[in-house]
Amino acid sequence: MGASGSGKSTLLGILAGLDTASEGEVFLAGQPLHQLDEDARAGLRASHVGFVFQSFLLLPGLTALENITLPAELAGIRNAKDRGLELLAQVGLSERRDFYPTQLSGGEQQRVAIARAFITQPNILFADEPSANLDEKTGLLVEDLLFDLNQQQGTTLVLVTHKAELAERCQQQYLMQHGQLEQQLPSEPQEQRHVG
Ligand SMILES: Nc1ncnc2c1ncn2[C@@H]1O[C@H](COP(=O)(O)OP(=O)(O)OP(=O)(O)O)[C@@H](O)[C@H]1O
Ligand SMILES: [Mg+2]
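These notes cover the structure that comes with them. (Residues numbered from 1 in each chain as written. Chains lettered and ligands numbered in written order. Predicted model: local features only at pLDDT ≥ 70, side-chain atom pairs only at ≥ 80, totals over all residues. Heavy atoms only, no water.)

1. Comments concerning the site of ligand 1
Okay, step 1: Looking at ligand 1, the residues that line it are Ala3, Ser4, Gly5, Ser6, Gly7, Lys8, Ser9, Thr10, Glu129 and His162.
Okay, step 2: A distance of 2.9 Å separates an oxygen atom of ligand 1 from a polar atom in the backbone of Gly7.
Okay, step 3: When isolated, ligand 1 has an accessible area of 640 Å², and the protein chains bury 43% of it.
Okay, step 4: Among the residues making up the shell around ligand 1, the classes are represented as one nonpolar, seven polar and two charged. (Near = heavy atom within 4 Å. Polar contact = N/O pair within 3.5 Å; in protein donor to acceptor, adjacent residues only side chain to side chain. Areas by Shrake-Rupley, 256 points an atom, 1.4 Å probe, with all protein chains shown as cover. Nonpolar A, V, L, I, M, F, W, Y, C, P; charged D, E, K, R; others polar.)

Take a look at the structure:
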């Protein structure tokens, strides 16, 4: 968590190897990201990292299913299509498989983006305000989906949020202030929340 402009998206981008830091060292899955070139970073991302952006960033020329399967195809994973169909069903969008992003609602696009992020079964998933652009109910569904997939696949979830109740679902919380990260005291365990 942290105020707008404090550096949260910048940090996520650096941790995920999407961006490079001007100084310091970053290790991802035991690899020194700061010593790798763009190709090597892309390879590491493809095999270990999922990213859910605040603005979805689906490719407009690809259908929902194609958007989901693309990272798997790039990573050379076999059965990409079967796996994509499975994930599409898991996010409740089987009916929308051949729809293009402009034909999907914001919440549907975000669910496609989440399915896309999980298709390579990443070790770590970075989510930058994944529910910020969604209405309350759809936002909660998307958040539950992230935590469900996190638990089913054992994926480490690192998320940025402005919502205290979402931060409280995480095992550890950090506060970003002017580019400095501070660990917050662990909060009380939350009751299981149900979304109707
Ligand atoms: N590529 C860049 N080059 C220089 N400065 C940048 C760059 N990207 C972001 N910044 C600056 O770095 C600071 C942190 O930006 P960042 O996007 O990480 O904030 P944030 O904490 O994610 O904010 P928000 O909650 O609004 O998304 C901002 O002051 C921004 O102007
Ligand atoms: Mg941001």
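2. Remarks on unusual backbone geometry
Okay, step 1: Its identity as a non-glycine residue notwithstanding, Ala29 has a phi of 50°, on the positive side.
Okay, step 2: Its place among the elements puts Ala29 in the loop between strand E1 (27–28) and strand E2 (31–32).
Okay, step 3: A positive phi angle, close to 45°, is found at Glu129, a residue other than glycine.
Okay, step 4: For Glu129, the location among the structural elements is in the loop between strand E4 (124–128) and helix H6 (136–153).
Okay, step 5: For Glu129, a relative accessible area of 13% gives the class buried. (Helix = DSSP H or I, 4+ residues; strand = E, 2+ residues; numbered from the N terminus. Buried < 20%, exposed > 50% of the residue type's maximum accessible area, 1.4 Å probe, protein only.)

3. Considerations on the layout of surface pockets
Okay, step 1: Volume-wise, the second largest pocket comes out at about 520 Å³.
Okay, step 2: Every residue lining the second largest pocket is counted, 17 residues in all, and those nearest its centre are Val49, Phe53, Pro71, Leu74 and Arg116.
Okay, step 3: When contributions to the lining of the second largest pocket are tallied by element, the ones reaching two or more residues are helix H2 (38–48), strand E3 (49–52), helix H3 (64–74) and helix H5 (106–118).
Okay, step 4: Ranked by residue count, the leading element in the lining of the second largest pocket is H3, at four residues.
Okay, step 5: Residue composition of the lining of the second largest pocket, by class: 12 nonpolar, three polar and two charged. (1 Å grid on protein atoms, 1.4 Å probe; cavity = no way out; pocket = protein on both sides within 12 Å on 5 of 7 lines; lining within 4 Å. Points joined across faces, edges and corners; volume = space filled by probe spheres on them.)

4. A look at the packing of helix H4 (residues 80–90) against H6
Okay, step 1: The contact between H4 and H6 brings their axes to 12 Å, and the two run at 135°. Here H4 is positioned oblique relative to H6, judged by the angle of their axes. Contact residues: H4 offers Arg83, Leu87 and Gln90, while H6 offers Leu145, Leu149, Gln152 and Gln153. (Axes fitted to C-alpha atoms, helices over the stretch in contact; angles between N-to-C directions. Parallel < 35°, antiparallel > 145°, perpendicular 65-115°, else oblique. Contact = heavy atoms within 4.5 Å.)

5. Regarding a negative patch on the surface
Okay, step 1: On the surface, a cluster of negative charge is made up of Asp135, Glu136, Glu165 and Glu168.
Okay, step 2: With relative accessibility at 55%, the residue Glu136 sits in the exposed group. (Patch = residues over 30% accessible without salt bridge, like charges linked within 9 Å, V, L, I, M, F, W, Y side chains within 5 Å. Salt bridge = Lys/Arg side-chain N within 4 Å of Asp/Glu carboxyl O. Lys, Arg positive; Asp, Glu negative; His and termini not counted. Charge placed at Lys NZ, Arg CZ, Asp CG, Glu CD.)

6. Things to note about the sheet that holds E4
What links the strands of a sheet is backbone hydrogen bonding, and the strands pair in either a parallel or an antiparallel sense.
Okay, step 1: Taken together, the three strands give an open sheet; going across it, the order is E3-E4-E5, and neighbouring strands pair in parallel fashion. Since the sheet does not close on itself, it has two edges, and those belong to E3 and strand E5 (156–160), each with one partner. Each adjacent strand pair in this sheet contributes to an overall mean axis angle of 15°, direction not counted.
Okay, step 2: Relative to E5, E4 runs parallel, the two being bridged by five bridges. Following the sheet pairing, Phe126 is matched in E5 by Val158.
Okay, step 3: Its contacts with the sheet place helix H1 (residues 8–15) against E3, E4 and E5, and it is angled at close to 155° to E4.
Okay, step 4: Sheet contacts for H5: E3 and E4; angle to E3, the most-contacted strand, approximately 170°. (Pairing = 2+ DSSP bridges.)

7. A closer look at the pairing of E3
Okay, step 1: Neither face of E3 is left uncovered, since the one carrying Val49 and Phe51 and the one carrying Gly50 and Val52 both have all their residues buried.
Okay, step 2: In the sheet, E3 pairs with E4 via four bridges, with the strands oriented parallel. Bridge pairing in E4 links Phe51 to Phe126.

8. Focus: the pattern of salt bridges
Okay, step 1: Within this structure, the stated rule accounts for seven salt bridges.
Okay, step 2: With its nearest N and O atoms 3.5 Å apart, the salt bridge here joins Asp98 to Arg97.
Okay, step 3: When its relative accessible area of 29% is taken as the criterion, Arg97 is described as partly exposed.
Okay, step 4: Arg169 is the salt-bridge partner of Asp144, the closest N and O atoms lying 2.8 Å from each other. Taken together, the residues Asp144 in helix H6 and Arg169 in the loop between helix H7 (164–167) and strand E6 (174–177) connect sequence positions 25 residues apart.
Okay, step 5: The exposure class of Asp144 is buried, given its relative accessible area of 13%.
Okay, step 6: One connected set of salt bridges, linked through shared partners, spans Glu38, Arg41 and Arg45.

The values reported here are purely geometric and, on their own, carry no functional implication.
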